[in-house]
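Now for the letters of each chain:
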Amino acid sequence: MHGKRIAEIMERGMRAFSEAEDESVLLALETEYTGRKSALGEILKGLKDLSPEEKKEVGPIANEARLALGRAASAARTRIETRKLAEDERFDVTIPGSAAPLGHLHPITRLSHEIEDIFAGMGFSIADGPEAETEFYNFDALNVPADHPARDMQDTFWLKQDGLDEKYVLRTHTSSVQVRYMESHVPPFRIVIPGRIFRNEATDASHEHTFHQFECLMVDEAGSVTVAHFKHTAETFFREFFGRDVEVRLRPSFFPFTEPSFEFDISCILCDAKGCPVCKKSGWLEIGGAGMVHQNVFTAAGYEEGKYQGFAWGFGLTRLAMMKYRIPDIRLFMGGDVRFIRQF
Ligand code: PHE
């Protein structure tokens, strides 16, 4: 008679525990099925009053039922708690994440890397030098003595001398690296020098006190490097850079550190040299200065006069960026306005 009751209690209890959905229901079920005052609890309590035979029959079944219901209760508790945890921490993997703000390279830096890659492909190495430069490397070594009118070609930021033996400037061009490099290298070599330069001038849409230049220098034994090499190098570079055929035009000019000297133009890449506002209807864009390295520059570097020959050219990287991206105001580059920078 007890056996049948126990089986019934167990069957109902097991089902109830397996269907329990929350903690309060579970607690009520525990009181009902496994508590001391539950039906099973009463049966267990009454075991002592049974005859030895009955005790022997009912005892194990009742105990078995107590253990089974206890296991069912703890299984239900685990299930309820696990589900609650999952609900608290539920996340939807299909919701787009919030992107961490990420910076990127300045357009000038990107362009500089692009240009370096093109020159590296032509066998050039990359060199650099200090932005605060001695008067010697920026001027004297480049055949621009103090009393020479060419000093005034570039408006210079002079730095306070403050007890230093030498006078310092913020370099006015990347040509300042030429003699520095030559002092520690023996030709043949070909290098490019990307860098920031400074001019003491009033700013407007096409003038900035700080901008970037790109210098190119190739030196070998006398007689082996000519203006034709320069022209070919420049044409190859600009063709690669703009991804189309570009013509290079030389005009006679003057720089103290080159002889002969040129200004050079490229055919207008905006209008295919047909004439547009950017090239002022000429079909040509002024790009930079160039020439064959003056022997005085070689001797300033400690080379024997007449032993070597080479070409040097420089152009405004900032100006090239303005052409490539059609940026109308040079001041945007160093203006620090992220709305401009973010467009690249
Ligand atoms: N350094 C010159 C300038 O800044 C450009 C130049 C470089 C000219 C190399 C000749 C050779 O104007």
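Residues numbered from 1 in each chain as written. Predicted model: local features only at pLDDT ≥ 70, side-chain atom pairs only at ≥ 80, totals over all residues. Heavy atoms only, no water.

### Considering the overall build of the chain
Operational definition: Labels follow the DSSP assignment, with helices taken as runs of H or I lasting at least four residues and strands as runs of E lasting at least two, numbered in each case from the N terminus. Here the radius of gyration uses the C-alpha set of atoms, whereas the globule reference equals 2.2 Å times the residue count to the power 0.38. What makes two residues a contact is simply this: any of their non-hydrogen atoms within 4.5 Å. By the counting rule applied here, Lys and Arg register as positive and Asp and Glu as negative, while His and the ends of each chain are not counted. Taken as the charge centre is NZ of Lys, CZ of Arg, CG of Asp or CD of Glu, depending on the residue.
A tally of helices and strands in the chain yields 11 helices and 9 strands. In terms of C-alpha radius of gyration, the chain reaches 43 Å, well past the compact-globule figure of 20 Å for 344 residues. With respect to the three principal axes, the spread of C-alpha positions in the chain is 130 × 50 × 40 Å. Sequence separation of 24 or more characterises 66% of the internal contacts of the chain that already satisfy a separation of 6 or more. Averaging the coordinates of the 41 positive side-chain charges in the chain and doing the same for the 53 negative ones gives two points 10 Å apart.

### Description of the site of the ligand
Note the following rule: Proximity is defined per residue: if any heavy atom of the residue lies within 4 Å of a molecule or strand, that residue is considered near it. Polar contacts, as counted here, are pairs of nitrogen or oxygen atoms within 3.5 Å of one another; within protein the pair requires one atom able to donate a hydrogen and one able to accept it, and residues that are adjacent in sequence qualify only if both atoms are side-chain atoms. All accessible areas in this document rest on Shrake-Rupley with a 1.4 Å probe, and a residue is counted as covered only by the protein chains that are shown. Gly is placed with the polar residues, together with every amino acid not listed as nonpolar (Ala, Val, Leu, Ile, Met, Phe, Trp, Tyr, Cys and Pro) or charged (Asp, Glu, Lys and Arg).
Contacts to the ligand come from 14 residues, most closely from His-173, Ser-175, Arg-199, Gln-213 and Ala-312. The contact in question runs from a nitrogen atom of the ligand to an N or O atom on the side chain of His-173, over 3.1 Å. Take Arg-199: an N or O atom from its side chain is 3.2 Å from an oxygen atom of the ligand. Alone, the ligand offers 330 Å² of accessible surface; in the complex the protein occludes 91% of this. Only strand E5 (210–221), strand E8 (284–293) and strand E9 (308–316) provide two or more residues apiece to the shell around the ligand. With 3 residues, E9 is the single largest residue contributor to the shell around the ligand. Grouping the amino acids of the shell around the ligand by side-chain chemistry returns 5 nonpolar, 7 polar and 2 charged.

### Quick word on the pairing of E5
When a strand is regular, its side chains alternate between the sheet's two faces. Under the convention used in this document: When accessible area is computed with a 1.4 Å probe and restricted to protein chains, residues below 20% of their type maximum are described as buried, those above 50% as exposed, and intermediate ones as partly exposed. A strand pair is defined by DSSP finding two or more bridges across the two strands.
With 10 of its 12 residues buried, E5 lies for the most part within the structure. Pairing between strand E4 (residues 189–198) and E5: 10 bridges, direction antiparallel. Counted as the bridge partner of Phe-189 is Val-219 from E5. As paired elements, E5 and E9 share 9 bridges and run antiparallel to each other.

### Remarks on the pattern of salt bridges
Filter applied, for reference: Salt bridges are defined by distance alone: a side-chain nitrogen of Lys or Arg within 4 Å of a carboxyl oxygen of Asp or Glu.
For the structure on display, the rule yields 18 salt bridges. Of the charged contacts, one joins Arg-15 and Glu-11 as a salt bridge, the two residues approaching to 3.5 Å between their closest N and O atoms. With a gap of 4 residues between them, Arg-15 and Glu-11 both fall in helix H1 (residues 2–19), about one helical turn apart. On the accessibility criterion, Glu-11 (52% relative accessible area) is exposed. Here Arg-239 ties to Asp-245 by a salt bridge, and the two come within 3.2 Å at their closest N and O atoms. For Asp-245, a relative accessible area of 65% gives the class exposed.

### A closer look at the domain arrangement of the chain
When the parts of a complex come together, some accessible area is lost, and that lost area is often used as the size of the interface. Heads up, the condition is: All the domain ranges listed were derived from an automatic or database domain assignment.
As assigned here, the chain comprises domain 1 (2–88) and domain 2 (110–341). On a C-alpha basis, the centroid separation for the pair domain 1 and domain 2 is 91 Å.

### Section: the environment of Glu-87
Relative to the assigned elements, Glu-87 resides in helix H4 (residues 52–88). Between the C-alpha atoms of Glu-87 and Gly-243, which are 156 residues apart in sequence, the distance is 57 Å.

### Observations concerning the packing of aromatic side chains
For the record, the criterion: For Phe, Tyr and Trp, where Trp contributes only its six-membered ring, two rings pair if their centres lie within 6.5 Å, and the inter-plane angle classes them as stacked under 30 degrees, edge-to-face over 60, or tilted in between. Here, a charge over a ring means that NZ of Lys or CZ of Arg falls within 6 Å of the ring centre while also lying within 35 degrees of the ring normal.
A complete count under the given rule lists 29 aromatic pairs for this structure. An angle of 15° between the planes, with centres 5.9 Å apart, marks the rings of Phe-119 and Phe-214 as stacked. Of the two residues, Phe-119 is situated in helix H5 (residues 107–121) and Phe-214 in strand E5; the sequence distance between them amounts to 95 residues. Taken together, the ring pairs connect Phe-119, Phe-124, Phe-214, Phe-230, Phe-237, Phe-238, Phe-241, Phe-242, Phe-264, Phe-311, Trp-313 and Phe-315 into an aromatic cluster. Positioned over the ring face of Phe-124 is Arg-190, at 6.0 Å from the centre of the ring. Above the ring of Phe-241, the side-chain terminus of Lys-324 is found at 4.5 Å from the ring centroid.

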